[in-house]
Amino acid sequence: MPKTYDKSETMGLWGDYFLHLARCANVDIQNQLGESLERSANVDIFPEKELVDSLLSGRAQLAQVNPGLVPRLVAAGQPAPFAVPGNKASNKPNSYHLILITRVDSPYRTPKDLVGKKIAHTTPTSNSGNLAPRALFPAIGLEPEKNYEVVFSNGHERSVSGVMYGFYPAAAVASDLYGRMVVKGDVKGSSLRTLWESPPFMTETWTMGKDVSPDVQARVKRCSYGYNFSPRLRTLLPGNDTFLPINYERDFATVLEVHRKTEQARASK
């Protein structure tokens, strides 16, 4: 699991899904110490690099991955993600936007008002927290390192809190993670202003390693698509009640656009 929440909160949200998979798909979901997550809450939570390395090396066979990591995993030979949270009735997958936020009492009303200021990004490999701003912000008059100074906060929650408490004039964050902070009461939505938002991005998805047998993959997919979200998960992901299958090229179109622009920028240096 990504290092979005601590182990206790991660299991509080996803432990019911792990139990469902264990019983429905007849699999034993273990952490990397070999402990079954049916009996242990010691779930593996990794920063992005370690999560990617675990999948590519075969040490992990099931993972939730942030969208910005997906093109790199697919390019390295991993299967495209198989499931995303969504709504069963509408068949609409969950999505989020890159948003540019500032305090509601700040003097900043448009993105260009931030020229010459500091804007918090999250981590270098984050899609919505760094790669997407670098790919999309120039079109709104904010070229990173040229029109504004990039400051890494080391996480979406830290970026939001940093703006809330005045450490950063503004921040680039994922709308869904910001929304979760509002739902949990960690931040008041009325205290922050959104200056700009991007087209929709695919949210966190679930993927299996390439060494997982076709039979196990089929069972895990079938049971995932038949899973009804727990009440706690529905509260955190409003409007989502199950997992939906993914069409990689269609559903990751905005992510792939950012990935292409990122690779072009790297090649030009």
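Residues numbered from 1 in each chain as written. Predicted model: local features only at pLDDT ≥ 70, side-chain atom pairs only at ≥ 80, totals over all residues. Heavy atoms only, no water.

Caption draft 1: Here's a closer look at the overall build of the protein chain. Broken down by element type, the protein chain carries ten helices and twelve strands. A globule of 269 residues ought to have a C-alpha radius of gyration of about 18 Å, and the protein chain, at 19 Å, matches this closely. For the protein chain, the spread of C-alpha atoms along the principal axes amounts to about 55 × 45 × 35 Å. Expressed as a percentage of its 269 residues, the buried residues of the protein chain come to 52%. Counted over contacts in the protein chain with a minimum sequence separation of 6, partners at least 24 positions apart contribute 72%. As displayed, the protein chain has an accessible area near 12600 Å², and 51% of this comes from carbon and sulfur atoms. For the protein chain, the centre of its 32 positive side-chain charges and the centre of its 27 negative side-chain charges are spaced 3 Å apart. (Helix = DSSP H or I, 4+ residues; strand = E, 2+ residues; numbered from the N terminus. Rg over C-alpha atoms; globule rule 2.2 N^0.38 Å. Buried < 20%, exposed > 50% of the residue type's maximum accessible area, 1.4 Å probe, protein only. Contact = heavy atoms within 4.5 Å. Areas by Shrake-Rupley, 256 points an atom, 1.4 Å probe, with all protein chains shown as cover. Lys, Arg positive; Asp, Glu negative; His and termini not counted. Charge placed at Lys NZ, Arg CZ, Asp CG, Glu CD.)

Caption draft 2: View of the layout of surface pockets. In this structure, the largest pocket encloses a volume near 660 Å³. Residue composition of the lining of the largest pocket, grouped by class: eight nonpolar, twelve polar and seven charged. In this structure, the second largest pocket occupies an estimated 490 Å³ of space. Along its surface, the second largest pocket is lined by 25 residues, and Ile29, Gln30, Ala60, Gln61 and Leu62 are the ones closest to its centre. Residue assignment for the lining of the second largest pocket shows that the elements contributing at least two residues are helix H1 (7–24), strand E1 (62–65), strand E11 (205–208) and helix H7 (214–225). Split by residue class, the lining of the second largest pocket holds 17 nonpolar, five polar and three charged. (1 Å grid on protein atoms, 1.4 Å probe; cavity = no way out; pocket = protein on both sides within 12 Å on 5 of 7 lines; lining within 4 Å. Points joined across faces, edges and corners; volume = space filled by probe spheres on them. Nonpolar A, V, L, I, M, F, W, Y, C, P; charged D, E, K, R; others polar.)

Caption draft 3: Spotlight on the state of the cysteines. Per the counting criterion, the structure on display carries one disulfide. Here cysteine 24 is linked by a disulfide to cysteine 223, with a sulfur-sulfur distance of 2.1 Å. Disulfide cysteine 24-cysteine 223: the torsion about the S-S bond is -80°, which places it as left-handed. Taken as a pair, cysteine 24 in helix H1 and cysteine 223 in helix H7 lie far apart in primary sequence, 199 residues in all. The partly exposed category is assigned to cysteine 24, whose relative accessible area is 31%. (Disulfide = S-S within 2.5 Å.)

Caption draft 4: Inspection of the environment of valine 43 at higher detail. Tracing the chain through its elements places valine 43 in the loop between H1 and helix H2 (48–57). With 50 residues separating them along the chain, valine 43 and proline 93 place their C-alpha atoms 26 Å apart. What valine 43 contacts, discounting residues up to four positions off in sequence, is Met1, Lys7, Thr10, Met11, Phe18 and Leu37.

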